[in-house]
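Understanding the architecture of this molecule
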Amino acid sequence: MAASRLKGIGAVLAVSGASWAAVTLAGPSPAAASDRSSAALEAARRRIADPAAVVPAREVQEAALMGTSMVNPLDVLVVGGGATGCGVALDAASRGLRVGLVEREDFSSGTSSRSTKLIHGGVRYLEKAVFNLDYGQLKLVFHALRERKQVIENAPHLCHSLPCMTPCFDWFEAVYYWMGLKLYDLVAGRRMLHLSRYYSANESVELFPTLARNGHDRSLKGTVVYYDGQMNDSRLNVGLACTASLVGAAVLNHAEVISFIKDEFGERIIGAHIRDTLSGKEFDTFAKVVVNAAGPFCDSVRQMANKNAPPMISPSSGVHVVLPDYYSPEGMGLIVPKTKDGRVVFMLPWLGRTVAGTTDSNTIITMLPEPHEDEIQFILDAICDYLNVQVRRSDVLSAWSGIRPLAMDPSAKSTESISRDHVVCEDYPGLITITGGKWTTYRSMAEDAVNAAIKSGKLKPVNGCVTDHLHIVGAYGWDPASFTILAQHYIRMKKTHRGKVIPGVMDSALSKHLSHAYGTLAERVATIAQNENLGKRLAHGYPYLEAEVAYCARHEYCESAVDFIARRSRLAFLDTDAAGRALPRIIEILAAEHKWDRARQKMELQKAKEFLETFKSSKNAQFRDGKHTG
């Protein structure tokens, strides 16, 4: 078996080497080079990088959608504000098309905020390519590794490379993983982040002090460390929405499509009937093409057009847990390569805590998926054999479930394999559906969807796709040392319980947090903290400031308490209990920004508490556990 595995690696190595050489020698196409240098790209860059630029108010965006008509339609209306939907809006708007986007809840409220936080090419898919000599799987990895590099470059404040350690408990594993991850480097080619390498057992424990030296009567022989990317997923998604807005798209969260509008013959979709879920207002928006980017809910959108549309989503539940920072060192992740069901489990440092996951099980599609206790236990079981830390259920600060929209092509003649790649189809005239894929490839998914929309609607874009090298808002001019400006030039004014205002230091932890969360726009948040007496932390032990609530309400379409604790900050994902304690102050600030009455404030508190109850931390979970009680 060992010989056959190594033979498989060798065969794919030869194929991938040839392919990589071809890609490298070919270089960028003339069309791509022309796009990068186009006036359209430069104009978009100037609008996004303008230090005085602000997104249009929500009311302005809604008015733009209401102002359409059958004789004056949008070019593209996007349904869904996740990574793919916002990517479609940005791509289409930057091509000079007239674009609108509506999202039933909030940008990134679904799957896009509940990922593993990795930007990766897919080590598992590469392994499948090796075992099955599957060139199709290899091409998927090629593509994802290319996109991985672009995501990191286009949002450097929110994304970074992360070393991941793979423990080896026998010498065959050491050779096997070393060769496999060297192949991963080779496939990445010039888009490689850093070279993988082998570390001895002693070196490994120095790098990862909580790594166990012994497990299942075996001793650690060493580890292989390779690199992938990591991101703050929902902040990247919100950044895409705001960037699309700056480029000219009319984006509207908390706006639900109730039904589609068809032409007089009932043959083609020409718009949608929309309800603003905040005000209750209903209106029509007309468009030449509608793009369905509703993720796990894309089948329900398709069935609005055709109630007999065959399903194309096979939903899969992915559960993650958040643990204290001492479970993993800062700047080094761990991969559990073999679990009892054959999946890979990651344990990664993230925003000062440790995130571990994920599971892969069939699920029903729901607005607020909840992790099952056995899934949480599965993750704890998977990591405990590799750590010298006592793994305790009571250490779980937050646990959440996300629904992966694994896609089946409805036009395919067989359903023998469900794709981890994305699918673009038009199974009703005027409605393009884009689904499947993964966070890493959102940009190219969006490009494919816009290309399909242009073909369907006979649209006339001003230029081709330019998002390959288009940074998101806050990225232009940012570098890792940008936080020092905040630390040196700003203070935070804090109001005490007695109403007295006292100065506080904008220390390195706060400065780095603001710089990484908001990029070059962090100075706007720091200015609010300094000038409006909103410099106090929202929760003990976390760097989130009161000023962020006000800033997000004004400039990031933050319309509810849940919008803030889950998507603008990540407090709900990092520490459910801390998020609950911060809610009263968050709602107080949002009420001042949005002019809420007491009834609305009470409703916001209730909704936020219900939301947090779906995050099964040790504080709000009901469980009987004999193994990880501690």
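Our subject is the structure that appears above.
Residues numbered from 1 in each chain as written. Predicted model: local features only at pLDDT ≥ 70, side-chain atom pairs only at ≥ 80, totals over all residues. Heavy atoms only, no water.

A tally of helices and strands in the chain yields 21 helices and 22 strands. Structurally, the chain occupies a C-alpha span of about 70 × 65 × 50 Å along its principal axes. For the chain, the proportion of its 630 residues judged to be buried stands at 57%. Long-range pairs, those at least 24 residues apart, make up 74% of the contacts in the chain with a sequence separation of at least 6. Carbon and sulfur atoms provide 54% of the accessible area of the chain, an area that totals close to 25700 Å². The distance from the centre of the 72 positive side-chain charges to the centre of the 67 negative ones in the chain is 2 Å. (Helix = DSSP H or I, 4+ residues; strand = E, 2+ residues; numbered from the N terminus. Buried < 20%, exposed > 50% of the residue type's maximum accessible area, 1.4 Å probe, protein only. Contact = heavy atoms within 4.5 Å. Areas by Shrake-Rupley, 256 points an atom, 1.4 Å probe, with all protein chains shown as cover. Lys, Arg positive; Asp, Glu negative; His and termini not counted. Charge placed at Lys NZ, Arg CZ, Asp CG, Glu CD.)

With that settled, the discussion passes to unusual backbone geometry. For the bond running from G357 to T358, omega is 20 degrees, close enough to zero to count as cis. Among the secondary structure elements, T358 is positioned in the loop between strand 16 (353-357) and strand 17 (361-362). You will see that K117, though not glycine, has its phi angle at about 75 degrees, which is positive. In this structure, H254 takes a positive phi of about 55 degrees despite not being glycine. Its location among the elements puts H254 in the loop between strand 9 (250-253) and strand 10 (255-262). H254 gets classed as buried once you look at its relative accessible area, which sits at 6%.

In this structure, C159, L236 and Y518 are the most contacted members of the largest nonpolar core, which totals 136 residues. Here this core gets nine residues from one element, more than from any other, and that element is helix 20 (residues 576-594). The contact partners of Y518, leaving out residues within four places of it in the chain, are H157, R235, G474, V525, E548, Y551, C552 and E556. One finds V225, V321, L323 and I376 within the second-largest nonpolar core, a separate group that totals 32 residues. (Core = buried A, V, L, I, M, F, W, Y, C linked by side-chain atoms within 4.5 Å.)

What follows deals with the pairing of strand 10. The pairing of strand 10 with strand 11 (residues 269-276) spans seven bridges and is classified as antiparallel. Its bridge partner lying in strand 11, K262 is registered against I269. Where strand 10 hands over to strand 11, the hairpin turn is made up of six residues, of which G266 adopts a positive phi near 70 degrees. (Pairing = 2+ DSSP bridges.)

So, on to the pattern of salt bridges. In this structure the tally under the stated criterion is 34 salt bridges. Residues R568 and D106 are paired through a salt bridge, measuring 2.6 Å at the closest nitrogen-oxygen approach. Of the two residues, R568 sits in helix 18 (residues 561-568) while D106 sits in the loop between strand 2 (99-103) and strand 3 (118-119), which places them 462 residues apart along the sequence. Accessibility assignment for this pair places R568 and D106 in one class, buried. D233 serves as the salt-bridge partner of K117, at 2.8 Å between the closest nitrogen and oxygen. Within this pair, whereas K117 is found in the loop between strand 2 and strand 3, its partner D233 is found in helix 10 (residues 233-247), the two being separated by 116 residues in sequence. Neither K117 nor D233 differs from the other in exposure class; each is buried. (Salt bridge = Lys/Arg side-chain N within 4 Å of Asp/Glu carboxyl O.)

Turning our eyes to something else, we now look at the side chain of E173. When you line up the elements, E173 lands in helix 8 (residues 171-188). On the accessibility criterion, E173 (7% relative accessible area) is buried. A distance of 2.8 Å separates a polar side-chain atom of E173 from the backbone nitrogen of F169. (Polar contact = N/O pair within 3.5 Å; in protein donor to acceptor, adjacent residues only side chain to side chain.)

Bringing the packing of aromatic side chains into the picture now. Under the defined criterion, the tally for this structure stands at 11 aromatic pairs. Seen from their ring centres, F169 and Y386 are 5.9 Å apart, and the 65 degrees between their planes marks the pair as edge-to-face. With F169 in the loop between strand 4 (159-168) and helix 8 and Y386 in the loop between helix 12 (373-384) and strand 18 (398-407), the pair connects residues that are 217 residues apart, well separated along the chain. With 5.0 Å between their ring centres and 50 degrees between their planes, F611 and F615 make a pair best called tilted. Through successive ring pairs, a cluster of aromatic residues spans W400, F573, F611 and F615. Across from the ring centre of F483, 5.1 Å away, lies the NZ or CZ of K512, which sits over that ring. (Phe/Tyr/Trp six-rings, centres within 6.5 Å; stacked < 30°, edge-to-face > 60°. Lys NZ or Arg CZ within 6 Å of the ring centre and 35° of its normal.)

Moving on, we get to the environment of G457. Structurally, the position occupied by G457 is in helix 13 (residues 442-457). Expressed as a C-alpha distance, the spacing of G457 and L431, which sit 26 residues apart in the sequence, is 9.7 Å. Apart from the residues lying within four places of it in its own chain, the contact partners of G457 are R268 and V289.

Before going further, it helps to examine helix 6 (residues 123-132). Within helix 6, the full set of buried residues consists of Y125, L126, A129 and V130. The arc enclosing the buried residues of helix 6, seen along the axis, measures out at 145 degrees, which places them on a common side. In the stretch just after helix 6, L133 is the one whose phi turns positive, near 45 degrees. (Arc of directions from axis to C-beta.)

The next thing to look at is the side chain of T223. Among the structural elements, T223 can be located in strand 8 (residues 222-231). Polar side-chain contacts of T223 include one of 2.6 Å to the side chain of S204. Ignoring any residue separated from it by four or fewer positions in sequence, one finds T223 in contact with M165, T166, P167, C168, R197, Y198, Y199, S204 and L211.

The next thing to look at is the state of the cysteines. Two cysteines form a disulfide when their sulfur atoms are joined by a covalent bond. Using the criterion set out here, one finds zero disulfides in the structure. Considering cysteine sulfurs only, C164 is the nearest to C159, which forms no disulfide, with 14 Å between them. Since its relative accessible area comes to 5%, C159 is described here as buried. Among the cysteines around C384, which has no disulfide bond, C168 carries the closest sulfur, lying 19 Å off. The exposure class assigned to C384 is buried, which follows from its relative accessible area of 18%. (Disulfide = S-S within 2.5 Å.)

The next thing to look at is the packing of helix 7 (residues 135-154) against helix 13. To characterise two packed helices, one gives the angle between the axes of the helices and the distance between these axes. It is the contact of helix 7 with helix 13, at a shortest axis distance of 8 Å, that shows an interaxial angle of 105 degrees. The angle between helix 7 and helix 13 falls in the class roughly perpendicular. Note on element contacts: helix 13 touches helix 7 through Y442, R443 and S444, opposite H143, R146, E147 and V151. (Axes fitted to C-alpha atoms, helices over the stretch in contact; angles between N-to-C directions. Parallel < 35°, antiparallel > 145°, perpendicular 65-115°, else oblique.)

Moving on: helix 18. Along an α-helix, residues three or four apart share an orientation, since each turn contains 3.6 residues. Taken across its eight residues, helix 18 has eight buried, putting it largely inside the fold. Taken together, the buried positions of helix 18 are A561, V562, D563, F564, I565, A566, R567 and R568. Where helix 18 is buried, its residues touch helix 10, strand 9, helix 17 (546-555), helix 19 (571-574), helix 20 and helix 21 (598-612).

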